[in-house]
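Structure at a glance
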Amino acid sequence: MFVDHDPAGLQARGLLCRHCNTRLETCPHSTGCAWGDYLNNPPAAHLGPTYPRAAISRKSRRSGA
Ligand SMILES: [Zn+2]
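Residues numbered from 1 in each chain as written. Predicted model: local features only at pLDDT ≥ 70, side-chain atom pairs only at ≥ 80, totals over all residues. Heavy atoms only, no water.

1. What to know about the coordination of the zinc ion
Within the protein, the zinc ion binds to C27 (SG), H29 (ND1) and C33 (SG); these donor distances fall in the range 2.0 to 2.3 Å. For C27, a relative accessible area of 14% corresponds to the buried category. (Donors = N, O, S within 2.8 Å, 3.2 Å for Na, K, Ca; no water. Buried < 20%, exposed > 50% of the residue type's maximum accessible area, 1.4 Å probe, protein only.)

2. Here we look at a nonpolar patch on the surface
On the surface, M1, V3 and L15 cluster together to form a nonpolar patch covering roughly 340 Å² of accessible area. Take M1: it is sitting in the segment before β1 (2-5). (Patch = residues over 30% accessible without salt bridge, like charges linked within 9 Å, V, L, I, M, F, W, Y side chains within 5 Å. Areas by Shrake-Rupley, 256 points an atom, 1.4 Å probe, with all protein chains shown as cover. Salt bridge = Lys/Arg side-chain N within 4 Å of Asp/Glu carboxyl O. Helix = DSSP H or I, 4+ residues; strand = E, 2+ residues; numbered from the N terminus.)

3. Description of the environment of Y38
Along the polypeptide, Y38 turns up in helix α2 (residues 34-40). Classification of Y38 as buried rests on a relative accessible area of 12%. Beyond its immediate chain neighbours, meaning those up to four positions away, Y38 contacts D4, R13, G14, L15, L16, L24 and P43. Of note is the side chain of Y38, whose polar atom sits 2.8 Å from the side chain of D4. (Contact = heavy atoms within 4.5 Å. Polar contact = N/O pair within 3.5 Å; in protein donor to acceptor, adjacent residues only side chain to side chain.)

Spelled out as structure tokens, the structure:
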């Protein structure tokens, strides 16, 4: 499982499998599909967890981004 986060706000949104974590943002639907509904109402959003900046820095170094 991967911690999914909003790339702009650094808010953790929930836990996703690798497939969903890498393709979630490509969903064109605002509602009526699992990814669209997830993005509209992320299960962890009301808990307020933030994604650690250090983890993002490590990911960026690995990917070269
Ligand atoms: Zn969709």
